[in-house]
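These are the residues of each chain, in order.
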Amino acid sequence: MISTKMTALFGIDHPVMQSGFRYISRAPFVAAVANAGALGTLSAHTQPTGTALREEIRETRRLADRPFAVNLTLLPENIASYPYGDYIDVIVDEGITVVETSGAKPAAYIERLKKAGVKVIHKCTSVRHALSAERYGADAVCVTGFESAGHPGEDDVPSLVLVPRVVDEVKIPVIASGGFADGRGLAAALSLGAVGVNMGTRFLVTQESPIHVESKKSLAGAGERDTTLIARSLGDSVRVLKTPVTAQVLELERSGAGKEALAPLIAADLWYRALTSGRIDEAPVPSGIALGLIRDVPTCAELVSRLMAEAEVTIGRLAGLGKA
Ligand SMILES: Cc1cc2nc3c(=O)[nH]c(=O)nc-3n(C[C@H](O)[C@H](O)[C@H](O)COP(=O)(O)O)c2cc1C
């Protein structure tokens, strides 16, 4: 067992978190992660209403009697389209113990969550945002480097530098995110001063992840050179799998196309359809550089137990250095 501040803070067995994915982080998947002893994360804005989120939380609890988190992605376009006030009411009412915020400052919500005893993890991509989350009262930060799937920010600082930089600056626990997929990565994150890892792309390619089996095969067959950044020209970079549509998006960006012209190619429901139909080439699907480390499609339980065994072997090997 590897116990850290992360396992103690959230009441989980292993210092591993599954990212909150829009559309994908629903009850059976999150419950599989929770039952594996890691921190599963439901996605709030996958649910159209507070009532639907309540049902999803209850269904997760029915499937797993373990703690799990709820992700609140606070991107301005989400705030405009989804009932965040209702989500918070339901989270507090249902006794959820961990919330992950991302996309923007949790300022408007954190006080209510903290008053209700909810532990707040804020996911961010820079030292300055981690410091600001600490000031707002976050209990932990999940720091996601340039390798990350989805939104890696605009600073282009990889996890190897970003994680220890944040560890040096904040007093709250730091969860390392972006590029982590195996036990060597977990051991590395711990040695950088993190309390555990968050994994997105790796958990996306598991048996319980609700995407098409052909999509899982394609992702497991892809490598570390198969992602790129789109929407950089809009100041809102997204790391995605290279596909013909991705190339089309980049070409449009080079020709000066704006948000309106790009939206029909990059909307979230398009990548969700591509992932669930198995026709992964049909949209820019969020994926991280960790693809280079992903070769199989394990169950969440197999993945977490393998990861922990690998981390322990790695830590043992490091402890033995210089003793021969
Ligand atoms: C398909 C997909 C959907 C995602 N959706 C969200 C989201 O809705 N909110 C969010 O905060 N992060 C989202 N992310 C980013 C992940 O939560 C996480 O930060 C990232 O995958 C970590 O990097 P890694 O993939 O290298 O492990 C998504 C990632 C993927 C692959």
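Values in this document were obtained by computation on a predicted structure and should not be read as measured data.

This model, assessed by the stated rule, comprises 20 salt bridges. Between Glu 100 and Lys 123 there is a salt bridge, with the nearest N and O atoms lying 3.8 Å from each other. One end of the pair, Glu 100, is in strand E4 (residues 98–102); the other, Lys 123, is in strand E5 (residues 119–124), and 23 residues separate them in sequence. One exposure class covers both Glu 100 and Lys 123, and it is buried. The shortest N-O distance in the salt bridge between Arg 279 and Glu 282 comes to 3.0 Å. Residue Glu 282 is classed as partly exposed on the basis of its relative accessible area of 47%.

Looking now at the domain arrangement of the protein. Quoted interface sizes are often the accessible area lost when the parts come together. Domain boundaries assigned for the protein yield domain 1 (5–211) and domain 2 (227–286). Its C-alpha centre places domain 1 at a distance of 24 Å from the equivalent point of domain 2. Across the boundary between the two partners, domain 1 contributes 17 residues, which contact 14 residues of domain 2. Carbon and sulfur atoms supply 56% of the area buried between domain 1 and domain 2, which totals about 1300 Å² over both sides. At the boundary of domain 1 with domain 2, the tally comes to two salt bridges. Glu 154 serves as the salt-bridge partner of Arg 232, at 3.6 Å between the closest nitrogen and oxygen. Remark: the boundary between domain 1 and domain 2 carries seven residue pairs in polar contact (both at pLDDT 80 or more). Taken together, the residues of the side of domain 1 that touches domain 2 break down into eight nonpolar, four polar and five charged.

With that settled, consider the site of the ligand. In the vicinity of the ligand, 20 residues are found, and the nearest of them are Ser 102, Lys 123, Gly 179, Gly 200 and Thr 201. Between the ligand and Ser 102, the relevant distance is 2.7 Å, taken from an oxygen atom to a side-chain nitrogen or oxygen of the residue. One of the backbone nitrogen or oxygen atoms of Gly 200 is found 2.7 Å away from an oxygen atom of the ligand. Computed on the free molecule, the ligand has an accessible area of 610 Å², of which 93% lies beneath the protein chains in the complex. Those elements that provide at least two residues to the shell around the ligand are strand E3 (68–73) and strand E8 (196–199).

Turning our attention to the packing of aromatic side chains. Overall, the coordinates contain five aromatic pairs when judged by the stated rule. Ring plane angle 35° and centroid distance 4.7 Å describe the contact between Tyr 23 and Tyr 272, whose orientation is recorded as tilted. Taken together, the residues Tyr 23 in the loop between strand E1 (16–18) and helix H2 (27–35) and Tyr 272 in helix H14 (residues 268–277) connect sequence positions 249 residues apart. Judged by its relative accessible area of 17%, Tyr 23 is buried. Summarising the aromatic geometry, the rings of Tyr 84 and Tyr 87 are spaced 5.2 Å apart at their centres and angled 75° between planes, so their arrangement reads as edge-to-face. One end of the pair is Tyr 84 and the other is Tyr 87, both in helix H5 (residues 84–93) and three residues apart, which spans about a single turn. Cluster of aromatic residues (ring-pair linked, three or more members): Tyr 23, Trp 271 and Tyr 272. The ring of Phe 146 carries Arg 239 above its face, with NZ or CZ at 4.7 Å from the centroid.

Turning next to the sheet that holds E8. Strands pair in a sheet through their backbones, by hydrogen bonds, and they do so in one of two ways: parallel or antiparallel. One open sheet accounts for eight strands, arranged E1-E8-E7-E6-E5-E4-E3-E2; its pairing is parallel. Edge positions in the sheet fall to E1 and strand E2 (40–43), since each has one partner strand and no second. Across the sheet, the mean angle from the axis of one strand to that of its neighbour is 25°, orientation sign disregarded. Summarising the sheet, E1 and E8 pair through three bridges and their orientation is parallel. Residue Met 17 lies in a different strand from E8, and its bridge partner there is Asn 198. Running at roughly 155° to E3, helix H3 (residues 50–63) makes contact with E2 and E3 of the sheet.

Inspection of the secondary structure assignment puts Ser 25 in the loop between E1 and H2. With 184 residues separating them in the primary sequence, Ser 25 and Ser 209 have C-alpha atoms 8.1 Å apart. With near-sequence residues (within four places) excluded, Ser 25 lies in contact with Gln 18, Ser 19, Gly 20, Val 30, Thr 41, Leu 42 and Ser 43. There is a polar contact of 3.1 Å between the side chain of Ser 25 and the side chain of Gln 18.

The next thing to look at is the side chain of His 45. Counting through the fold element by element, His 45 comes out in the loop between E2 and H3. The class for His 45 is buried, based on a relative accessible area of 4%.

Scoring rules and cut-offs
Residues numbered from 1 in each chain as written. Predicted model: local features only at pLDDT ≥ 70, side-chain atom pairs only at ≥ 80, totals over all residues. Heavy atoms only, no water. Salt bridge = Lys/Arg side-chain N within 4 Å of Asp/Glu carboxyl O. Helix = DSSP H or I, 4+ residues; strand = E, 2+ residues; numbered from the N terminus. Buried < 20%, exposed > 50% of the residue type's maximum accessible area, 1.4 Å probe, protein only. Domains from an automatic or database assignment. Contact = heavy atoms within 4.5 Å. Buried area = accessible area lost by both parts, 1.4 Å probe. Polar contact = N/O pair within 3.5 Å; in protein donor to acceptor, adjacent residues only side chain to side chain. Nonpolar A, V, L, I, M, F, W, Y, C, P; charged D, E, K, R; others polar. Near = heavy atom within 4 Å. Areas by Shrake-Rupley, 256 points an atom, 1.4 Å probe, with all protein chains shown as cover. Phe/Tyr/Trp six-rings, centres within 6.5 Å; stacked < 30°, edge-to-face > 60°. Lys NZ or Arg CZ within 6 Å of the ring centre and 35° of its normal. Pairing = 2+ DSSP bridges. Axes fitted to C-alpha atoms, helices over the stretch in contact; angles between N-to-C directions.

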